[in-house]
Amino acid sequence: MRFLWLLLLVGCGGGDVDSKGGGPLVETIAPPLSVIFEKSQKALDEAGIDTLRWGLTPYMAPQELYASYQPIAEVVGDKMGVEIELVMGETYADLEGQVVRGEVDVAVVSPYSYVRAKKSAPGLRVFASHVAKGSANYGSYIIVGEESELETLEDLRGKTFAFVDRRSTSGYLFPAIQMLRMGVHPEDDIKAEFYQTHDRVFDAVVEGRVAAGATYDGALRQGRDRRRDGRGVRVIAKAPRIPHEAYVIRQGLPVEVADAFGAALAGISTGTREGRALLAPMLRINGFIQVEDSHYDAVRRVEAQAETAGLRMEAPSRPLPSEESGSEQGEANEEQTP
Amino acid sequence: MVQASFGLAHVQDEEKRLRQEVVKRGFQVQRALAVPTSVALANREIEELDAVLWRFSQDDGRDLDIQSVAVLDLGGRVLAHTNPTIFGFQSDNAFFAAAIEASGPLERIDASGEQPVLQLSMPIEIGRRWGTMTMELSLASMDARLQELRGRALLNAVGVILLSAILLYLFISRTVLQPVLVLSETAQRVSNGQLDARVPKREGGDQIAVLGQHFNEMTRSLQSYTSELEAKVASRTEELKESNRALARANEDLGIAVEKLGLLARTDSLTGLFNRRAFTEALEVELRRTERHERPFSLLMIDVDYFKKFNDSFGHPEGDRLLIELSETFREHLRAMDVVARYGGEEFAVILGETHMEDAVRVAEKLRVAVRNQVFREAGEGNPAARVTVSIGVATYPQDASSSSGLISQADQALYLAKEAGRDLVVSCKGSGGEE
């Protein structure tokens, strides 16, 4: 399957994939795409499913997420011959719960959420992830305001700190563990606040409402592009890189559906004109790759460190009342990576 | 040997070449990375730097033996590193400090670790300087390649040296050892006396061949010298033998001569009888013998009658012949032990050993008669002068005298009496008488 996907990434032209992408090599390795989609169709028919619910993690403002994923959902739905309905989770934890309970058929979840959900619902299957900026993983950064005098993590003691959500991998888990490694406890030594989305964290840091914050690389670029006042941030620490989000299919859904969904995604990449048009709202995503559960083992190791350190991962990370206005800045959100 | 050193030199060249190759490759990669990193630096996009280095480290970096790449800002802070958690000031890294100070590429070997590491740095300059890029390259694969080359070169060298040694041995054995052995054996044979032993002739004019020639010349000289010497010794020996023989002959001659000389001194040259001196000695000997054995001996003094007349008639040569014939007649009628001597002129003396007077007179008578009956042929039958007579005086020791001179005197006295009495007579001493 993996070979097939890679070939599709390079050679397939989007719409008419069946005839163009299906060379002899593809046929010997895997069934032709038409067969994959037919099998999926059949499985869905047998299960009596005519609409797939696709859940999204609210790491950005819901309308932005919708604008980014809707065109892709339409292309995928066309290929699979099924309706796809986008579902916005209210929070990271909310979507995670829906995935575990099988309330959504397909979902894009943060790596940490996937690791958690997989423990609750072992039948959950990850079938894809994406490549952004040419990389299958991304960075997590601890930032301060450009003019800040803070230079190291040590300087953060006693200061206010903006995280995204306790379920956020780059907005909480990885930077928190990085702090621990450097001897600063993310709950006891700083005043942690949860800003729900990455853009809010960025703005809180730029505007000096917090001394520092944690976010992912996409939010840095997005923030720079979005802000017109020229104010920026400065990186003072980095966490280890993180595999991109997990594209999962719920427990109980036929495996043929996952195969077809992955094959449909694989046909979309910045390598083609159609792909570039589809991915334009999510400019930094280049395409999709097939992954397996072990792709997220690095996250599991960090989670184990968090548990050992006694971080309160189950504690609520609800939006701050004072941050209700944060959505105002969501107008230019382009990037789709938490 | 030459090839061996070429091999090792080749390894050194190869080491230099490989090192240059790695350095060149490192700088090429840095130049390639400088473009996206300079943009990210200019835009202050750390996440972009990370993405660039991460992509690089996942793909090309590992294949190129690149261990790490870092991007430093102008103040020397690490903004991005292929190990994502390395960030900020790295006060323990001396190379970073040197790299930001340098205005051009920098190249250094860090041998502090287990494996030597090549450190390269170059300014990130697109329009202006934005920062510095550093890189660490493992030299392990280069070292492995060199090790392999060294091993091969060493193997080659050992092979070449071994082969050279074998060839050299064969060459020396053929050109030196073998000929020297032959030379030694030949010398041994020569020293054992086999002078005709020769070293076989060799092709070529090398030192050994020349030595062999000289050896043969020497042996040849030795042989000819030895045979010459032997000939000389043989000839000298022959000469000596000849000398000895001559000496022996001379000795013999000398003995004969001496004998002859003694005989001559004691012999009358005309008649061959004892001369007077020999007679005197013989008389003394006989005298002592008579004293020892107490046996008497007798002495006859014989004188030819009218010998002067005979000489006058026939001449002296005939006279001499007469004396010779008389002496022969005496010898014929006497014993071998009796001594006959020519006493002087025509006078003879006879010593009759162990003979007393009477026998002596009888012997004297026999002699007188024999002479009287003898015809001397020179005179002829008819010539009365051809008849000769003798007068004989006889004396006996010790009854007639007590000394030799006394005995001679007594015999002479008796002879005188015979002459007086008419000649052709025998007279004994003191009138012991005789007959006509």
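As the structure is a computational prediction, the values presented were derived from the model and not from experiment.

Undergrad: An account of the overall build of chain B is needed here, citing residue identities and associated values.
TA: Along chain B, the regular secondary structure elements total 11 helices and 10 strands. Per-residue burial for chain B yields a buried fraction of 28% across its 436 residues.

Undergrad: An account of the interface of chain A and chain B is needed here, citing residue identities and associated values.
TA: Contact with chain A, which involves 14 residues of that partner, is made by 11 residues of chain B. Looking at the side of chain A that touches chain B element by element, the count peaks at 5 residues for strand β9 (residues 233-243) of chain A. Of the residues belonging to the side of chain A that touches chain B, the class tally is 5 nonpolar, 4 polar and 5 charged.

Undergrad: Which residues make up helix α6 (residues 207-266) of chain B, and what are the values?
TA: An ideal rise of 1.5 Å per residue puts 88 Å on 60 residues; α6 of chain B measures up with 86 Å between its terminal C-alpha atoms. Little of α6 of chain B sits out of view: just 2 of its 60 residues are buried.

Undergrad: I'd like a rundown of the confidence of the model for chain A, residues and numbers included.
TA: In this model, chain A carries an average pLDDT of 83, and 84% of its residues clear a pLDDT of 70 or more. Below a pLDDT of 50 lies the segment residues 323-337 of chain A, which in the model reaches 38 contacts outside its immediate sequence neighbourhood of four places, other chains included.

Undergrad: Go over the sheet that holds strand β10 (residues 426-428) of chain B, please, and point to the residues and values.
TA: Backbone hydrogen bonds are what pair the strands of a sheet, in a parallel or an antiparallel way. All names here are of chain B. Read from one edge to the other, the open sheet built from 5 strands follows the order β7-β8-β6-β9-β10, with strand pairing classed as mixed. Edge positions in the sheet fall to β7 (339-344) and β10, since each has one partner strand and no second. Put simply, the sheet's adjacent strands are angled 20° from each other on average, direction ignored. In terms of strand pairing, strand β9 (residues 390-397) meets β10 through 3 bridges, oriented parallel. When the sheet's bridge partners are listed, V394 is paired in β10 with S428. In the packing of helix α9 (residues 316-333) onto the sheet, contacts are made with β6 (297-304), β7 and β8 (347-352), and the angle to β7 comes to roughly 155°. Docked against the sheet, helix α11 (residues 404-420) engages β6, β9 and β10, running at close to 145° with respect to β9.

Undergrad: Pulling in residues and values, what's your account of the nonpolar core?
TA: The nonpolar side chains of a soluble globular protein tend to be buried, and buried together. Counting 134 residues, the largest nonpolar core has V205, V248 and F261 of chain A as the members making the most contacts within it. Sorting elements by how many residues they give to this core places helix α11 (residues 255-266) of chain A first, with 8 residues. When near neighbours in sequence (up to four residues on either side) are disregarded, V205 of chain A contacts I143, V144, G145, A162, V210, A212, G213 and V233 of chain A. I302, L326, V363 and A418 of chain B belong to the second largest nonpolar core, which has 46 residues in total.

Undergrad: Just give me the short version of the packing of helix α7 (residues 111-120) of chain A against helix α13 (residues 297-309) of chain A, but keep the residues and values in it.
TA: All names here are of chain A. In contact at an axis separation of 9 Å, α7 and α13 are set at 80° when each is read in the N-to-C sense. If you check the angle between α7 and α13, you find them roughly perpendicular. Facing P111, Y112 and V115 of α7, the residues of α13 in contact are V299, R300 and E303. Split by residue class, the contact of α7 with α13 holds 4 nonpolar, no polar and 2 charged.

Undergrad: I'd like a description of the pairing of β6 of chain B, backed by residues and values.
TA: Residues and elements named next belong to chain B. In terms of residue burial, β6 counts as a mostly covered element, since 8 of its 8 residues are buried. Burial of the side chains of β6 extends over both faces: F297, L299, M301 and D303 are buried on one face and S298, L300, I302 and V304 on the other. Where β6 and β8 come together, 6 bridges link them in antiparallel fashion. Bridge pairing links D303 to E347 in β8.

Undergrad: A description of the sheet that holds strand β8 (residues 212-216) of chain A should follow, citing residues and the corresponding values.
TA: All names here are of chain A. Pairing is mixed across the open sheet formed by 5 strands, whose spatial order is β7-β6-β8-β5-β9. A single partner strand is all that each edge strand has here, and the edge strands are β7 (191-194) and β9. In this sheet, adjacent strand axes meet at a mean angle of 20° when their direction is disregarded. Relative to β7, strand β6 (residues 160-163) runs parallel, the two being bridged by 4 bridges. Looking at the pairing, F161 lines up with A192 of β7. Contacts from helix α8 (residues 169-181) reach β5 (137-145), β6, β8 and β9 within the one sheet, and its direction differs from that of β9 by about 100°.

Undergrad: Any details on the pairing of strand β1 (residues 51-56) of chain A? Residues and values, ideally.
TA: Residue and element names in this part refer to chain A. Relative to strand β2 (residues 83-88), β1 runs parallel, the two sharing 6 bridges. Counted as the bridge partner of L56 is M88 from β2. The pairing of β1 with strand β3 (residues 106-109) spans 3 bridges and is parallel. Of the residues in β3, the one forming a bridge with G55 is A107.

Undergrad: Please give an account of unusual backbone geometry that cites residues and values.
TA: All names here are of chain B. Cis geometry is found at the peptide bond from Y397 to P398, where omega equals 0°. As for its placement among the helices and strands, P398 is situated in the loop between β9 and α11. Non-glycine residue Y306 carries a positive phi angle of around 55°. The backbone phi angle of E354 is positive, close to 50°, even though this residue is not glycine.

Undergrad: Explain the packing of α9 of chain B against helix α10 (residues 357-373) of chain B to me, and be specific about the residues and the numbers.
TA: Residue and element names in this part refer to chain B. Following both chains from N to C, one finds α9 and α10 inclined at 135°, their axes separated by 10 Å at the closest point. Considered as vectors, α9 and α10 are oriented oblique to each other. The handedness of the crossing between α9 and α10 comes out as right-handed. For the pair formed by α9 and α10, the contact residues are L326, T329, F330 and H333 on the first element and K366, L367, A370 and V371 on the second. Here the contact of α9 with α10 is built from residues that sort into 5 nonpolar, 2 polar and 1 charged.

Criteria and thresholds
- Residues numbered from 1 in each chain as written.
- Chains lettered and ligands numbered in written order.
- Predicted model: local features only at pLDDT ≥ 70, side-chain atom pairs only at ≥ 80, totals over all residues.
- Helix = DSSP H or I, 4+ residues; strand = E, 2+ residues; numbered from the N terminus.
- Buried ≥ 20, exposed ≤ 12 C-beta atoms within 10 Å, placed from the backbone.
- Contact = placed C-beta atoms within 7 Å.
- Nonpolar A, V, L, I, M, F, W, Y, C, P; charged D, E, K, R; others polar.
- Expected span 1.5 Å × (residues − 1).
- pLDDT = per-residue confidence, 0-100.
- Pairing = 2+ DSSP bridges.
- Axes fitted to C-alpha atoms, helices over the stretch in contact; angles between N-to-C directions.
- Core = buried A, V, L, I, M, F, W, Y, C linked by C-beta atoms within 7 Å.
- Parallel < 35°, antiparallel > 145°, perpendicular 65-115°, else oblique.
- Left-handed = near helix turned anticlockwise from the far one by under 90°.

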